[in-house]
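Structural description and commentary
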Amino acid sequence: VVRWFQPDSEHKEKDEKHWFTLDNRRLYCLQKAAAQLWPRKVAITVELLYAATDGMKRKDDSLNVGRSVGIGHSLKNLSGRWDWRQAVQNVTADVAQHESA
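So, a few notes on the structure that sits alongside this text. Just so we're clear, the structure is a prediction, and the values are computed from it rather than from any experiment. (Residues numbered from 1 in each chain as written. Predicted model: local features only at pLDDT ≥ 70, side-chain atom pairs only at ≥ 80, totals over all residues. Heavy atoms only, no water.)

**What to know about the pairing of strand β4 (residues 78-82)**
In terms of strand pairing, strand β3 (residues 69-72) meets β4 through 4 bridges, oriented antiparallel. Its bridge partner lying in β4, Gly72 is registered against Leu78. Linking β3 back to β4 in an antiparallel pair, the connection comprises 5 residues. (Pairing = 2+ DSSP bridges. Helix = DSSP H or I, 4+ residues; strand = E, 2+ residues; numbered from the N terminus.)

See the structure below:
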């Protein structure tokens, strides 16, 4: 994971440094498991980098400052998008519906 500032054209995130992963596959797996356990906390051990290299900046293809990730083999072949915030909202709604039944 790297601490990095990336401009947000939609202005949904504060203009400050955020944590970014260099491996969306592992991030997706962690977030999918964490969303199912919401609101409990889930954590892993990571290697921290405090400066983005030129290679990382070239590899970055985020269209939304990392708010969601594309699922697929390449940007040209995506089968969907993963957004942990949406997944948590769905889990919360399911729990609320179950509790009111």
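The rest of the description comes next.
**Section: unusual backbone geometry**
With an omega of 10 degrees, the peptide bond between Trp38 and Pro39 qualifies as cis. Of note, Pro39 is situated in the loop between α1 (24-36) and α2 (54-59).

**Points about α1**
The terminal C-alpha atoms of α1 lie 18 Å apart, and with 13 residues this matches the ideal 18 Å at 1.5 Å per residue to within 8%. Every buried residue belonging to α1 is among Gln31, Ala34 and Ala35, and all of these are buried. For α1, the angular spread of the buried residues around the axis is 95 degrees, confining them to a single face. Every exposed residue of α1 that faces more than 90 degrees away from the buried side is listed here: Arg25, Arg26 and Gln36. Contacts from the buried residues of α1 go to β4 and α3 (84-100). (Expected span 1.5 Å × (residues − 1). Buried < 20%, exposed > 50% of the residue type's maximum accessible area, 1.4 Å probe, protein only. Arc of directions from axis to C-beta. Contact = heavy atoms within 4.5 Å.)

**A few points about α3**
Between its first and last C-alpha, α3 extends 24 Å over 17 residues, near the 24 Å set by a 1.5 Å rise per residue. Three or more residues of α3 are buried, namely Ala87, Val88 and Val91. Along the long axis of α3, the arc covered by the buried residues comes to 100 degrees, so they all point the same way. For α3, the exposed residues lying more than 90 degrees away from the buried face are Gln97 and Ser100. Residues of α3 that are buried make contact with α1 and β4.

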